[in-house]
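Observations on the three-dimensional arrangement
Listed here are the chains, written in short residue letters.
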Amino acid sequence: MFQIDPMSREPVYEQIVEQVEQFILTNVLTAGSQIPSVRSVSMQHSVNPRTILKAYTELDSKGFIQAVPGKGYYVCANAKEKLLEKGREKMKDLRELITELALAGVSREEIDMCVKEAFTAAEGEVLKK
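First, a word on what this report is: a plain description of the structure on this page. Bear in mind the structure is a predicted one, so any value in this text is a computation, not a measurement. (Residues numbered from 1 in each chain as written. Predicted model: local features only at pLDDT ≥ 70, side-chain atom pairs only at ≥ 80, totals over all residues. Heavy atoms only, no water.)

1. Some words on the pairing of strand E2 (residues 72-75)
Sheet topology note: the strand E1 (residues 65-68)/E2 ladder contains 4 bridges and is antiparallel. Pairing of Ala67 across the sheet is with Tyr73, part of E2. If you look at the hairpin formed by E1 and E2, you'll find 3 residues sitting between the two strands, and Gly70 has a positive phi there, around 80 degrees. (Pairing = 2+ DSSP bridges. Helix = DSSP H or I, 4+ residues; strand = E, 2+ residues; numbered from the N terminus.)

2. Section: the packing of helix H1 (residues 12-25) against helix H3 (residues 49-61)
Across the interface, H1 lies against H3 with an axial gap of 8 Å and an inter-helix angle of 45 degrees. As judged from the angle between their axes, H1 and H3 are oblique. For the pair H1 and H3, the sense of crossing is right-handed. Residue-level contacts link Val12, Tyr13, Ile16, Val17, Val20 and Glu21 of H1 to Thr51, Ile52, Lys54, Ala55, Tyr56, Glu58 and Leu59 of H3. (Axes fitted to C-alpha atoms, helices over the stretch in contact; angles between N-to-C directions. Parallel < 35°, antiparallel > 145°, perpendicular 65-115°, else oblique. Left-handed = near helix turned anticlockwise from the far one by under 90°. Contact = heavy atoms within 4.5 Å.)

3. Some remarks on the nonpolar core
Within the largest apolar cluster, 25 residues are counted, with the highest numbers of intra-cluster contacts made by Phe2, Ile16, Val20, Ile24 and Tyr56. Every element with two or more residues in this core is listed here: H1, helix H2 (38-45), H3, E2 and helix H4 (79-89). Looking at which element gives the most residues to this core, the answer is H1, with 7 residues. Apart from the residues within four sequence positions on either side, Tyr56 is in contact with Phe2, Ile16, Ile35, Pro36, Ser37, Val38, Val41, Ile65 and Tyr73. (Core = buried A, V, L, I, M, F, W, Y, C linked by side-chain atoms within 4.5 Å. Buried < 20%, exposed > 50% of the residue type's maximum accessible area, 1.4 Å probe, protein only.)

4. Quick notes on a nonpolar patch on the surface
A cluster of nonpolar side chains, namely Met91, Leu94, Leu97, Ile98 and Leu101, defines an oily patch on the protein surface of about 370 Å² accessible area. Positionally, Ile98 belongs in helix H5 (residues 91-103). (Patch = residues over 30% accessible without salt bridge, like charges linked within 9 Å, V, L, I, M, F, W, Y side chains within 5 Å. Areas by Shrake-Rupley, 256 points an atom, 1.4 Å probe, with all protein chains shown as cover. Salt bridge = Lys/Arg side-chain N within 4 Å of Asp/Glu carboxyl O.)

5. So, the pattern of salt bridges
Working definition: two side chains of opposite charge can pair if their charged atoms are close together. This model, assessed by the stated rule, comprises 4 salt bridges. Of the charged contacts in the structure, one is a salt bridge between Glu21 and Lys62, with a shortest N-O distance of 3.4 Å. Here the residue Glu21 occupies a position in helix H1, and Lys62 occupies one in the loop between H3 and E1, the gap between them amounting to 41 residues. A residue is classified by how much of its surface remains accessible, and Glu21, at 9% relative accessible area, is buried. Among the ionic pairs, Lys62 bridges to Glu58, the shortest N-O distance being 3.3 Å. In this structure Lys62 comes out as partly exposed when scored by relative accessible area, which is 32%.

Pasting the structure below:
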């Protein structure tokens, strides 16, 4: 399920957190579905179990997954809504960036083209999964 790049500058636990979040947003993981066990991910990718546990603990603290003692980790019922809200909160940063770009002389057409390209790329990623 996970694609871990041990040579990446991004820590392994962050790679796992980001992938679980993307899987939830793209409905690869839905509410109530179980995510791979710490042991299975550790063995499959030759990663220290504590690293996997760190990622799962972070996801749990954010309210995206929850531990069920003796059974494993499951996606929370409202995980997707929380992630969508997290994305919408970034709109403020986007508005500020667009304002800076406009003041720097970047045309609306260039910004619109960039937004269209970003959406096309995102839709392509969703279709891959």
